[in-house]
Amino acid sequence: MGSTEQAEQWQPVVPIPAAPIFVWPPKPLGVLWFFGWKQFWPGGAMWLAAAWLCWRYATPDLASMERFEPGWIATIWLRNAGLITLLAGGLHWWLYRRRGQGTVTKFNERWPGESTRFMFGHQLWDNLFWTFVSGVTVSTGFEAVSWWMFANGHAPFRDFAGNWLYLIVLTVFAFVWGNLHFSLTHRLLHVGKLYDWAHAVHHRNSNPGPWSGISMHPIEHEVYMSSPVLLWFIPSHPVLVLTLLFLNLLSPALTHAGFERVWLGHVERGRPSFLSGDYFHQLHHRYFDCNYGNTLTPIDQLLGTYHDGTPEAHAVMRERQRTGRT
Ligand SMILES: [Zn+2]
Ligand SMILES: [Zn+2]
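Note that the structure is predicted; figures quoted are calculated from it, not measured. (Residues numbered from 1 in each chain as written. Chains lettered and ligands numbered in written order. Predicted model: local features only at pLDDT ≥ 70, side-chain atom pairs only at ≥ 80, totals over all residues.)

Asker: In this structure, what is going on with the overall build of the protein? I would like to understand it.
Answerer: Counting its regular elements, the protein contains 13 helices and 2 strands. With respect to the three principal axes, the spread of C-alpha positions in the protein is 60 × 50 × 45 Å. Residue burial in the protein is summarised as follows: out of 326 residues, 38% are buried. (Helix = DSSP H or I, 4+ residues; strand = E, 2+ residues; numbered from the N terminus. Buried ≥ 20, exposed ≤ 12 C-beta atoms within 10 Å, placed from the backbone.)

Asker: Can you walk me through the confidence of the model for the protein in this structure?
Answerer: Low pLDDT marks regions whose predicted coordinates should not be analysed in detail. Per-residue confidence for the protein averages 92 on the pLDDT scale, and 96% of its residues sit at or above 70. For residues 1-8, every residue scores under 50 in pLDDT, and the model assigns this stretch 15 contacts once sequence neighbours within four places are set aside. (pLDDT = per-residue confidence, 0-100. Contact = placed C-beta atoms within 7 Å.)

Asker: Which parts of the structure should I look at to understand the packing of helix H5 (residues 123-151) against helix H9 (residues 238-249)?
Answerer: How two helices pack is summed up by the angle between their axes together with the distance between the axes. Their axes nearest at 11 Å, the elements H5 and H9 cross at an angle of 170°. As judged from the angle between their axes, H5 and H9 are roughly antiparallel. Along the contact surface, H5 presents Gly135, Ser139, Phe142, Glu143, Ser146 and Phe150, while H9 presents Pro238, Val241, Leu245, Asn248 and Leu249. Taken together, the residues of the contact of H5 with H9 break down into 6 nonpolar, 4 polar and 1 charged. (Axes fitted to C-alpha atoms, helices over the stretch in contact; angles between N-to-C directions. Parallel < 35°, antiparallel > 145°, perpendicular 65-115°, else oblique. Nonpolar A, V, L, I, M, F, W, Y, C, P; charged D, E, K, R; others polar.)

Asker: I keep staring at the nonpolar core and nothing clicks. Help me out?
Answerer: The tendency in soluble globular proteins is for nonpolar side chains to be buried side by side. Counting residues in each nonpolar core, the largest one holds 39 residues, and the members touching the most others are Ile84, Leu91, Leu244, Leu245, Phe246, Ala253 and Ala257. Sorting the residues of this core by element identifies helix H3 (43-57), helix H4 (70-97), H5, helix H6 (164-188), helix H8 (218-224), H9, helix H10 (251-255) and strand E1 (261-263) as the ones contributing at least two each. Broken down by element, this core gets its largest block of residues, 8 residues, from H9. Ignoring any residue separated from it by four or fewer positions in sequence, one finds Ile84 in contact with Thr131, Val136, Leu249, Leu250 and Ala253. Counting 6 residues, the second largest nonpolar core, distinct from the first, contains Phe107, Phe280, Leu283 and Cys290. (Core = buried A, V, L, I, M, F, W, Y, C linked by C-beta atoms within 7 Å.)

Asker: Please explain unusual backbone geometry as it appears in this structure.
Answerer: Negative phi characterises most residues that are not glycine, and trans characterises most peptide bonds. Across the junction of Val14 and Pro15, the peptide omega takes the value 0°, indicating a cis bond. Secondary-structure assignment places Pro15 in the loop between helix H1 (4-8) and helix H2 (28-38). Note the cis peptide between Trp41 and Pro42, where omega equals 0°. Locating Pro42 in the fold gives a position in the loop between H2 and H3. Phi is positive for Arg99, which is not a glycine, with a value near 50°. Judged by local crowding, Arg99 falls into the exposed class, with 11 C-beta atoms found within 10 Å. Phi at Asn291 takes a positive value of approximately 55°, unusual for a residue other than glycine. Note on placement: Asn291 falls in the loop between helix H11 (279-287) and helix H12 (299-303).

Asker: Even after reading the chapter, I still don't get the environment of Asn152, so can you show me in this structure?
Answerer: Here Asn152 lies in the loop between H5 and H6. Taking the number of C-beta atoms within 10 Å as the measure of exposure, Asn152 has 12 and is therefore exposed. Linking Asn152 and Met65, residues 87 residues apart in sequence, is a C-alpha distance of 8.6 Å.

Asker: What should I look at first to understand H5 in this one?
Answerer: Compared with an ideal rise of 1.5 Å per residue, which puts 29 residues at 42 Å, H5 spans 40 Å between its outermost C-alpha atoms and is within 8% of the ideal. The sharpest bend along H5 measures roughly 35° and falls at Thr131. Downstream of H5 by one or two residues, Gly153 has phi in the positive range, about 75°. (Expected span 1.5 Å × (residues − 1). Bend = angle between axes of the 7 residues up to and from the residue.)

Asker: What is the right way to read the environment of Gly102 from this model?
Answerer: Position of Gly102 among the secondary structure elements: in the loop between H4 and H5. Distance from Gly102 to Val267, taken between C-alpha atoms, is 9.5 Å for residues 165 residues apart in sequence.

Asker: How should I be thinking about the environment of Leu62 in this particular structure?
Answerer: You can see Leu62 is positioned in the loop between H3 and H4. Taking the C-alpha atoms as reference, Leu62 lies 25 Å from Trp177; in sequence the two are 115 residues apart. When neighbours within four sequence positions are excluded, Leu62 is seen to be in contact with Trp147, Phe150 and Ala151.

Asker: Would you mind showing me how to read the packing of H6 against H9 here?
Answerer: Across the interface, H6 lies against H9 with an axial gap of 11 Å and an inter-helix angle of 25°. Between H6 and H9, the crossing angle belongs to the class labelled roughly parallel. In the packing of H6 onto H9, the handedness of the crossing is right-handed. Between H6 and H9, the residues in contact are Leu170, Thr171, Ala174 and Gly178 and Leu240, Thr243, Leu244 and Leu247, respectively. (Left-handed = near helix turned anticlockwise from the far one by under 90°.)

If you want it as structure tokens, here you go:
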């Protein structure tokens, strides 16, 4: 591991690349790559695989979910609680408790901790409360209704046999939809009372960690986790519904990790590592009125709120804030 001094000087690579949508001359191949492949690989594929495994091995039979019953709903709640504990808990333990890689690739050199703005006076307790009491519960609610809809034929089911081409196209659409839904609902959550009542809970985390990912007010969870509802009306497969559910429930633990890259062991030994934190969203937590979407949805380029991490983009944002244009 490098010295602490070096680590604190670590800077993410900027500018954060923008989607090749609003460029002249147009780049049709770039757009195709962006909407077809970049949304799928590697992040999307990972959540699709996780959803397939869970659908196959850790979800009750559809036939047993024709009626709402506490037993199978509790089973799903426990599975979801277990998955987020593995992911967010694992990242938190390694990065924040053991401080396994110090501040190497840490976006903010400060360590989160006690503050009066958090419930129970501490970021971790506040995050755990909202994650389990509301986040896991609301996600389980959307999941339970989805399975009940499929079990009773209210949501049209398409199996892979005979429908694989349709389902591949639908998978691409589902990723684009999931990212677009996040961007639009997140922008909405910054409006007026919705921010004060709901989204402010998530923004207590100006220096987020893995458990901050879905640390949100129940109103925000209802809005933010609603993307799978669209698949209740379009012929689809339960794995795609579960993929969207996992994107909402689990992926924020990675994007809010606070570190750009996580090493599985000591940094200097060249051990395997993977990309985690999302600097684009980290800037949103730091400055509030920029980067409402994500790098997979070009909404901020349209709104003029794209902060690519450079001093030039920062000056533009400050000027926008000074003149009151948001
Ligand atoms: Zn926000
Ligand atoms: Zn966030």
